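Chain by chain, the residues:
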Amino acid sequence: MPKTGKNDHAKDEELPSTLQRSDQKAQDTFAKTYDSAAEEYDDKGRAARTAYSALKHTHENVGDHWEPKDEAGPSDEHAEGGRDSEQDTAGGVDANASKEHLYERARELDVEGRSTMDKDELVQALQKANDAKTRQARKD
C-alpha cells in the first residue's frame with residue numbers, strides 16, 4: 001500500500017510508529033523512498049529496508065522518534081557498505097557522529113554510566129535506550 005497520499009506527503013496511518021512521532025521531512029523521506037522502491041523492486045521488505053536506509057542518511061533515531069542529523073551521510077558501517085554489507089547496523093543511531101554528539105544524546109535519554117563509556121559503548125547504550133523508549137511509546 002502506498003505510503004504517500006495525494007498531497008505528496010506521507011500518510012500518517014501507513015507509517016511505523018517512530019515516524020508518526022517524527023517531523024514531516026522524516027515522514028516524507030521514508031514514504032517517498034518506500035513507494036519508489038516498492039514500485040521498483042515489487043518487494044515490501046526490500047522497499048522498507050531501502051526507505052530506512054534513506055532515512056538514516058538524513059535523520060537519526062532519538063528515543064521514540066527520528067530527528068534531523070547535523071550532516072547528511074551514512075549512519076554506520078553497515079550503511080557505508082551498502083545492502084550487502086556484513087557489518088552490524090546501529091539501528092538508527094548515528095554511529096558516525098562524534099563521541100561528544102553521542103554523549104549528548106545519551107544525556108538527553110538519561111543513559112546511566114554514559115560518562116565512562118567509549119564511543120562504541122555509547123552507540124550500544126543509545127540503541128538500547130531508543131528501543132526502550134519506542135516500546136514505552138507503543139504502550140501509551
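Going by the structure above, here's the rest.
On a predicted model such as this, the values are computed, not experimentally measured, just so you know. (Residues numbered from 1 in each chain as written. Predicted model: local features only at pLDDT ≥ 70, side-chain atom pairs only at ≥ 80, totals over all residues. Heavy atoms only, no water.)

J.: Give me the lowdown on the pattern of salt bridges, citing residues and values where you can.
T.: Going through the model one piece at a time under the given rule, you end up with nine salt bridges. Ionic pairing is found between Arg105 and Glu60, a salt bridge with its closest N-O pair at 3.1 Å. With Arg105 in helix α5 (residues 99-108) and Glu60 in strand β1 (residues 59-62), this pair connects stretches of sequence that are 45 residues apart. Arg105 sits in the buried class, given a relative accessible area of 10%. Glu60 sits in the buried class, given a relative accessible area of 2%. Ionic pairing is found between Glu67 and Arg105, a salt bridge with its closest N-O pair at 3.1 Å. Residue Glu67 is located in strand β2 (residues 65-68), and its partner Arg105 is located in helix α5; the two are separated by 38 residues in the primary sequence. (Salt bridge = Lys/Arg side-chain N within 4 Å of Asp/Glu carboxyl O. Helix = DSSP H or I, 4+ residues; strand = E, 2+ residues; numbered from the N terminus. Buried < 20%, exposed > 50% of the residue type's maximum accessible area, 1.4 Å probe, protein only.)

J.: Give me the lowdown on the packing of helix α2 (residues 24-41) against helix α3 (residues 44-58), citing residues and values where you can.
T.: Taken N-terminus to C-terminus, the directions of α2 and α3 make an angle of 145°; their axes are 8 Å apart at the nearest point. Crossing angle aside, the handedness with which α2 passes α3 is right-handed. Between α2 and α3, the residues in contact are Ala26, Thr29, Phe30, Thr33, Tyr34, Ala37, Ala38 and Tyr41 and Lys44, Arg46, Ala47, Ala48, Thr50, Ala51, Tyr52, Ala54, Leu55 and Thr58, respectively. Residue composition of the contact of α2 with α3, grouped by class: twelve nonpolar, four polar and two charged. (Axes fitted to C-alpha atoms, helices over the stretch in contact; angles between N-to-C directions. Left-handed = near helix turned anticlockwise from the far one by under 90°. Contact = heavy atoms within 4.5 Å. Nonpolar A, V, L, I, M, F, W, Y, C, P; charged D, E, K, R; others polar.)

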